[in-house]
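Breakdown of the fold
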Amino acid sequence: MAFSSNLPIACNDHRVTVIGAGHVGSTLAHRIAQRNLANVVLLDIVPGIPQGIALDLMEAQGMDCHNREITGTNDYMDTTGSDVVIITAGLPRKPGMNRDDLLKINAKIAVEVAEKAIARSPDALYIIVTNPLDVMTYLVWQTLGLPTSRVMGMAGMLDSARFQTFIAMELGVSIADVSGLVLGGHGDLMVPLPRYSTVRGIPITELMDEETVDRLVDRTRHGGAEIVNLMKTGGAYSAPASSTCAMVEAILHNQSRLLPVSSYLDGEYGLKDIFIGVPIRLGCRGVEKVVEINLTDTERAALHTSAESVRKNIKRAQEMLA
């Protein structure tokens, strides 16, 4: 059973499906509708939950002056013909857990969800948010059998946003003036790049000492765990949802934005057959180009260390699924 309305909808008939109506999924559905980007289908296996959230979001649109159709459902039939499918389904982290602790159960969920989604939306672009993100993105890509340009993970977006926020808080400047860049896997081995992180074009290495930079790098690497430990019963959802929404906007508006995204590498940065966070150009066809930036030997080694960790977990997940 699905909840939908008979209200007139916006002429732009893009459809985005969000699979998983937890905190991230429901917040993301709200962001997409609030920014008037597309009609939204929110799907979850629990009866009543996506329908109730969809109705609540429809009622909220009176404040936003939009007319987006928001459908809550337990049936993949209602997702048919989506332009973008976002997978958030899976268990969240709890205190004491790292992202890799979720490997077995979330791998099974992500693969099953992908199989059902592709049957209804074979032409969609797919964004993966489920953790451990880079591993899930690889498994979903294998399951879907789509070109690598049409499958990506939201990782570098969130990690870079966290680095950006911590820099702004440290310097007492507007977050809008800060640009942060983080590469690598979405985990404790991610690679924040202070040389490429700036305030109005000024590298942060010229605005703070090495000890402060190192402290912010470490805080960024553990930014997700910091929120989990504070909240006790769940993890971050506003920043992940906003990061994913920015990717959706870049796709639907064909912005060709340069964004850090978990993308497939085929020799770039000396890495092959892996999804990991790197700068890419993102537009209506998905990943238009992987952008290679110059890295120092230390930065490159850190990226390869992060990639090796992701690769090991891909192998573990494949063995578990087999």
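Our subject in this report is the structure included herewith. In this text the structure is predicted, and so the values were computed from the model without any measurement. (Residues numbered from 1 in each chain as written. Predicted model: local features only at pLDDT ≥ 70, side-chain atom pairs only at ≥ 80, totals over all residues. Heavy atoms only, no water.)

1. Comments concerning the side chain of S197
- Among the secondary structure elements, S197 is positioned in the loop between β9 (191-192) and β10 (198-199).
- Among the polar contacts made by the side chain of S197, one reaches the main-chain amide nitrogen of L181 at a distance of 3.1 Å.
- For S197, the side chain forms a polar contact with the main-chain oxygen of L193, separated by 2.8 Å.
- Beyond its immediate stretch of four places on either side in the chain, S197 contacts F163, I167, S179, G180, L181, I202, P203 and I204. (Helix = DSSP H or I, 4+ residues; strand = E, 2+ residues; numbered from the N terminus. Polar contact = N/O pair within 3.5 Å; in protein donor to acceptor, adjacent residues only side chain to side chain. Contact = heavy atoms within 4.5 Å.)

2. Quick look at the pairing of strand β4 (residues 84-87)
- Every second residue of β4 is oriented toward a common face, with V84 and I86 on one face and V85 and I87 on the other, all of them buried.
- Here strand β1 (residues 15-19) pairs with β4 via four bridges, running parallel. By the bridge assignment, I19 is partnered in β4 with I87. (Buried < 20%, exposed > 50% of the residue type's maximum accessible area, 1.4 Å probe, protein only. Pairing = 2+ DSSP bridges.)

3. So, unusual backbone geometry
- Between N131 and the following residue, P132, the backbone shows a cis peptide bond with an omega angle of -5 degrees.
- Considering the arrangement of structural elements, one finds P132 in the loop between β5 (125-128) and α4 (133-144).
- Positive phi outside glycine occurs at N36, with the angle close to 60 degrees.
- With respect to the element layout, N36 can be found in the loop between α1 (23-34) and β2 (39-43).
- One non-glycine residue with positive phi stands out, namely Y269, at about 60 degrees.
- As for its position among the elements, Y269 is in the loop between β12 (257-266) and β13 (272-283).

4. Describing the nonpolar core
- One finds V16, I19, I32, I86 and I127 to be the most contacted residues of the largest nonpolar core, which totals 86 residues.
- Ignoring anything within four residues of it in the chain, the contact list for I32 reads V16, V18, L37, A38, V40, I86, C245 and V248.
- F163, M190, V199 and V213 belong to the second-largest nonpolar core, a separate cluster that totals 13 residues. (Core = buried A, V, L, I, M, F, W, Y, C linked by side-chain atoms within 4.5 Å.)

5. Some thoughts on the packing of aromatic side chains
- Per the stated rule, a full pass over the model turns up five aromatic pairs.
- Ring centres of Y138 and F275 lie 6.3 Å apart, and the angle between their planes is 85 degrees; this geometry places the pair in the edge-to-face category. With Y138 in helix α4 and F275 in strand β13, this pair connects stretches of sequence that are 137 residues apart. Each member of the pair, Y138 together with F275, is buried.
- Taking the centre distance of 5.5 Å and the plane angle of 65 degrees together, the rings of Y264 and F275 count as edge-to-face. Here F275 lies in strand β13 and Y264 lies in strand β12, a separation of 11 residues in the sequence. By the burial criterion, Y264 is buried, and F275 matches it.
- A connected cluster of aromatic rings, assembled from ring pairs, spans Y138, W141, Y264 and F275. (Phe/Tyr/Trp six-rings, centres within 6.5 Å; stacked < 30°, edge-to-face > 60°.)

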